[in-house]
Amino acid sequence: MNLNRIDLNLFAVFDAIYTAGNLTKAADILCITQPAVSNSLSRLRELLNDPLFVRTGHTMTPTPVAQNIIGPARQALELLRKSVQHSHDFDPSIAEKTFQFACRDLIEASILPRLIARIEAQAPHIAISNYDIARVDVTNAMASGQLDFYADSATITDPYLQKRKIAEDRLVAVARPEHPAFSTALTLDTFLDYGHIKIAPRKDLDCAIDIELAKLGHQRRVAMQSHHFLTVPSVLVKTNLIACLPYHLAKHYDLAVAELPFTMQPTSYYIYWHMSATDDPAHKWVREQLFKAAESFQAAPPNSEAA
C-alpha cells in the first residue's frame, strides 16, 4: 500500500461510521452530507481492499479488518488531535526548546541576562542561544527556522519581518577614572584633543559619532577600532583614550563619564521576528518576557541615575 495515497480524513469518517453504526448518523457527527460519508467510505474500501462495513438491517456492521484497525486508527486520530491542541497551548513550566537569538554584545550583556533570569524562574527547560549573523541573511534564517529573534539598532524593512522597539539609550563620553579631560565640563576641543576608541562592526563603516562630528566640520583621531563594546573599558583604564559608550553600559564600570559636548539623538534598539511566528504560543511567550526584561532599558536623561 502506498501511504502517500491515503487521505487521513478518511479515518475520521471510518471512526464516525464505526461509532454511529449508520452513515446518516456518521454524517451528523462529522457535520457533512451523507453522500460525502458514502464517498469517503468507498475510497477507504478501495485503499484497504476490504468492505470494512456490511449492512445488517439499518446498521453498518464492521468486518474483521475494520475491527482490527479501529484501535490503532483511533489512537492515531487522538495523537493528531493532541498535537493540534498542543500547538495552541503553551506551558512554560514543562516546555523544552532552544530559542535562537542574534544580537550584538551590548544587547547580549544588558538585556539577555534579564531575559534569561525571567525564563529560568518560569521555564527551566527553555534555553537561549545567541550567535552572529549578517543582516542580509536574517530573513532567510528566520523563514527557515534557524533564527527566532534578531536585535539591532538599525531598522530593517522587510514585509516578512515584524519588529518592535525594545530599548533606547544615549551615548556618553567615557575614560579612565581621574582622566584630565573629565576634571571639568567636557568641551568639544578637549574631546578632540585625545585619541579615541571607535566601535564599529566593519573597518570601513562610520559610526554615529563620526557622522555627527563630520556635520560639525570636525574629525576625531581614532587610535583604536573595536568590533565589541565590552572590550573598551579594559583598554580605557590603561590609557588616556576616550570612547563613546551607551550610558546603560558605561554606568556598570568604574569610569569617568561625561555628557557629549554636542547633540546626539538617542539610539533605539529593535527586536525582529518572522511574521509566521507571530501567533505561535511559545514564541509569543518568549517575546513577552523579552519586552518585560527590556522595560527598564530606556535612555536616561543627562545627569540622571536611572537604572
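So, here's what we can say about the structure. (Residues numbered from 1 in each chain as written. Predicted model: local features only at pLDDT ≥ 70, side-chain atom pairs only at ≥ 80, totals over all residues. Heavy atoms only, no water.)

With that settled, consider the pattern of salt bridges. Pairing of side chains with opposite charge becomes possible as their charged atoms draw close. Applying the stated rule across the entire model yields 7 salt bridges. Of the charged contacts in the structure, one is a salt bridge between D15 and R74, with a shortest N-O distance of 2.6 Å. Here R74 lies in helix 4 (residues 64-88) and D15 lies in helix 1 (residues 9-20), a separation of 59 residues in the sequence. The exposure class assigned to D15 is buried, which follows from its relative accessible area of 13%. What makes R74 partly exposed here is its relative accessible area of 35%. With a closest N to O distance of 3.8 Å, D210 and K198 form a salt bridge. Residue D210 is located in helix 9 (residues 208-215), and its partner K198 is located in strand 8 (residues 195-199); the two are separated by 12 residues in the primary sequence. (Salt bridge = Lys/Arg side-chain N within 4 Å of Asp/Glu carboxyl O. Helix = DSSP H or I, 4+ residues; strand = E, 2+ residues; numbered from the N terminus. Buried < 20%, exposed > 50% of the residue type's maximum accessible area, 1.4 Å probe, protein only.)

For the coordinates displayed, the defined rule picks out 10 aromatic pairs. Measuring from ring centre to ring centre gives 5.6 Å for F14 and F53, while their planes differ by 50°; the resulting arrangement is tilted. One end of the pair, F14, is in helix 1; the other, F53, is in strand 1 (residues 53-56), with 39 residues separating them in the sequence. Summarising the aromatic geometry, the rings of Y150 and Y272 are spaced 6.2 Å apart at their centres and angled 45° between planes, so their arrangement reads as tilted. Here Y272 lies in strand 12 (residues 267-274) and Y150 lies in strand 5 (residues 149-152), a separation of 122 residues in the sequence. Classification of Y150 by relative accessible area gives buried; the value is 7%. When its relative accessible area of 0% is taken as the criterion, Y272 is described as buried. Taken together, the ring pairs connect F14, Y18 and F53 into an aromatic cluster. Between R164 and the ring centre of F291, over which it is positioned, the NZ or CZ distance is 3.8 Å. Positioned over the ring face of Y247 is R170, at 4.6 Å from the centre of the ring. (Phe/Tyr/Trp six-rings, centres within 6.5 Å; stacked < 30°, edge-to-face > 60°. Lys NZ or Arg CZ within 6 Å of the ring centre and 35° of its normal.)

By themselves, these observations are geometric and do not establish any function.
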